[in-house]
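Reading the structure
Single-letter residue listing:
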Amino acid sequence: QDPFACGAYSEYQAPEAREEDRFALARPEGRLYFAGEACASSAAGSQCTHGTVLSGASVALQLLARMELQLEQVADLLNERGPFGLDVAAVVAALFPPDGIAAPAEP
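Bear in mind that the values here come from a model prediction, so they are computed numbers and not experimental data. (Residues numbered from 1 in each chain as written. Predicted model: local features only at pLDDT ≥ 70, side-chain atom pairs only at ≥ 80, totals over all residues. Heavy atoms only, no water.)

**Here's the deal with the overall build of the chain**
The following threshold applies: Helical segments are the DSSP runs of H or I of at least four residues, strand segments are the runs of E of at least two, and each set is numbered from the N terminus. Using a 1.4 Å probe on the protein chains alone, a residue whose accessible area is under 20% of its type maximum counts as buried, one over 50% counts as exposed, and one in between counts as partly exposed. Contact criterion: two residues are considered in contact whenever any of their non-hydrogen atoms come within 4.5 Å of each other. Note on areas: Shrake-Rupley, 1.4 Å probe, and residue coverage restricted to the protein chains presented here.
Across its full length, the chain carries three helices and zero strands. Element order for the chain, N to C, with α for helix and β for strand: α-α-α. In the chain, which comprises 107 residues, the share counted as buried stands at 25%. Contacts in the chain between residues far apart in sequence, at least 24 positions, make up 43% of those at least 6 positions apart. About 7,900 Å² of surface is accessible on the chain, with carbon and sulfur atoms providing 59% of the total.

Quick look at the structure:
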């Protein structure tokens with residue numbers, strides 16, 4: 001019952017909207033990165049919560065790579081054939097482990 005959200009989406013899906021529009025919206029501008037359901041392709045969950053999660057995970061991994069941080073667990077999250085190059089099941093398992101406690105990243 002959030003009075004500010006009111007079930008709104010961040011993206012208006014106009015009839016003339018194209019996948020290229022979402023890719024353009026998701027493209028980094030210098031050091032500024034964008035994520036969210038509006039940045040997800042239709043196949044990856046545009047206008048859906050899972051599109052938000054996958055888009056955010058993808059940007060987080062891009063930032064780790066940009067900072068040249070290599071975490072052993074990162075390789076387990078990647079799948080070049082998956083949406084955003086991610087293994088969806090692995091991302092979900094990492095974010096929402098069965099015991100409810102996410103493991104901290106190793107330094």
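**Considerations on the layout of surface pockets**
Put simply, the rule is: Lining residues are those with an atom within 4 Å of a point, where the points come from a 1 Å grid over the protein atoms alone and group into cavities, where a 1.4 Å probe fits but cannot get out, or pockets, open sets with protein on both sides within 12 Å along at least five of seven lines. Grid points are joined across faces, edges and corners, and a volume is the space filled by probe spheres set on the points.
Computed from the structure, the second largest pocket encloses a volume of approximately 170 Å³. Lining of the second largest pocket is provided by 15 residues; of these, Phe23, Ala26, Cys39, Ser58 and Phe84 occupy positions nearest its centre. Of all the secondary structure elements, the ones that give two or more residues to the lining of the second largest pocket are helix H1 (19-26) and helix H2 (49-66). At four residues, H2 tops the list of elements feeding residues into the lining of the second largest pocket.

**Details of the environment of leucine 95**
Within the element layout of this structure, leucine 95 appears in helix H3 (residues 88-95). Residues leucine 95 and alanine 57 lie 38 residues apart in sequence; the distance between their C-alpha atoms is 9.5 Å.

**Describing the nonpolar core**
The line we're drawing: Take the buried residues of types Ala, Val, Leu, Ile, Met, Phe, Trp, Tyr and Cys, join any two whose side-chain atoms come within 4.5 Å, and each joined set is a nonpolar core.
In this structure, Leu54, Ala57, Leu61, Leu64, Val74, Leu77, Leu86 and Val91 together form the largest nonpolar core, which totals eight residues. A total of four residues in this core trace back to one element, the largest contributor, which is H2. Apart from residues no more than four positions distant in its own chain, alanine 57 is found in contact with Leu86 and Val91.

**Considering a nonpolar patch on the surface**
Worth spelling out the cut-off: The patch calculation keeps residues exceeding 30% relative accessible area without a salt bridge and links them within 9 Å when they carry like charges or within 5 Å when they are nonpolar (Val, Leu, Ile, Met, Phe, Trp, Tyr). When a carboxyl oxygen of Asp or Glu is within 4 Å of a side-chain nitrogen of Lys or Arg, the pair counts as a salt bridge.
A surface patch of nonpolar side chains, about 350 Å² in accessible area, is lined by Val88, Val92, Leu95 and Phe96. Note on placement: valine 88 falls in helix H3.

**Focus: the pattern of salt bridges**
Working definition: two side chains of opposite charge can pair if their charged atoms are close together. Here the structure, examined in full by the defined rule, presents three salt bridges. Glutamate 20 is the salt-bridge partner of arginine 18, the closest N and O atoms lying 4.0 Å from each other. The exposure class of glutamate 20 is partly exposed, given its relative accessible area of 47%. Between aspartate 21 and arginine 18 there is a salt bridge, with its nearest N and O atoms 3.7 Å apart. Where salt bridges share partners, they join Arg18, Glu20 and Asp21 into one cluster.

**Section: the environment of glycine 56**
You can see glycine 56 is positioned in helix H2. Relative accessible area serves as the criterion here: at 30%, glycine 56 is assigned to the partly exposed category. Along the primary structure glycine 56 and phenylalanine 34 are separated by 22 residues, whereas in three dimensions their C-alpha atoms are 8.3 Å apart.

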